[in-house]
Amino acid sequence: MLSGKWTTMLVRELLCGPLRFGELRAALGNPSAKTLTDRLRALEHDGVLTRTLYPEIPPRVEYELTERGRELWPVLTALHDWGVGHPQP
């Protein structure tokens, strides 16, 4: 579920609250739109996030973590703590 280069970073960004596609892309350093779309779709399929389309002109889409996605917080914290304790040589 957390495979791929961008997945953990997407979850990390969404832990702060809902974000739009452009906000996510900018926060991640502008990965390709296709890559970001693929990762978002996979996370939505896995029940980690929801995609809400607002019927406005222009259309607005927001991505937000589900309860299942928010449960990844301790996992990401543990990975961060491990990385800090084991820096690369």
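Residues numbered from 1 in each chain as written. Predicted model: local features only at pLDDT ≥ 70, side-chain atom pairs only at ≥ 80, totals over all residues. Heavy atoms only, no water.

### Points about the overall build of the protein chain
- Assigned secondary structure in the protein chain consists of five helices and three strands.
- Listed by position from the N terminus, the elements making up the protein chain come as α-β-α-α-β-β-α-α.
- Along the first, second and third principal axes, the C-alpha set of the protein chain runs to 50 × 25 × 20 Å.
- Counting only contacts in the protein chain whose residues sit at least 6 apart along the sequence, the fraction spanning at least 24 positions is 45%. (Helix = DSSP H or I, 4+ residues; strand = E, 2+ residues; numbered from the N terminus. Contact = heavy atoms within 4.5 Å.)

### Topic: the packing of aromatic side chains
- On inspection of all chains with the given rule, the structure shows zero aromatic pairs.
- In this structure, R60 packs its charged tip against the face of Y54, placed 3.8 Å from the ring centre. (Phe/Tyr/Trp six-rings, centres within 6.5 Å; stacked < 30°, edge-to-face > 60°. Lys NZ or Arg CZ within 6 Å of the ring centre and 35° of its normal.)

### A short note on the pairing of strand β2 (residues 49-54)
- Pairing of β2 with strand β3 (residues 60-65) involves six bridges; the strand directions are antiparallel. Considered in β3, the bridge of Y54 is made with R60.
- Count of turn residues in the β2/β3 antiparallel hairpin: five residues. (Pairing = 2+ DSSP bridges.)

### Things to note about the environment of G69
- Here G69 is to be found in helix α4 (residues 67-70).
- Put simply, G69 and L14 are 55 residues apart on the chain and 9.0 Å apart in space, counted from C-alpha to C-alpha.
- Those residues in contact with G69, other than ones at most four positions away along the chain, are V11, G47 and V48.

### Points about the sheet that holds β3
- On the basis of which strands lie adjacent, the open sheet formed by three strands has the order β1-β3-β2 and antiparallel pairing. Two strands in the sheet have a free side with no partner beyond their single neighbour: β1 (19-20) and β2.
- With two bridges joining them, β1 and β3 adopt antiparallel strand pairing. Pairing of R20 across the sheet is with E62, part of β3.
- With respect to the sheet, helix α1 (residues 7-14) is in contact with β1, β2 and β3, its orientation differing from that of β3 by roughly 95°. (Axes fitted to C-alpha atoms, helices over the stretch in contact; angles between N-to-C directions.)

### A short note on unusual backbone geometry
- Residue P58 is reached from I57 by a cis peptide bond, and omega for that bond is -10°.
- For P58, the location among the structural elements is in the loop between β2 and β3.
- Of note, the phi angle at N30 is positive, near 60°, even though the residue is not glycine.
- Relative to the elements of secondary structure, N30 occurs in the loop between α2 (21-27) and α3 (33-45).

These figures come from the coordinates and say nothing about function on their own.
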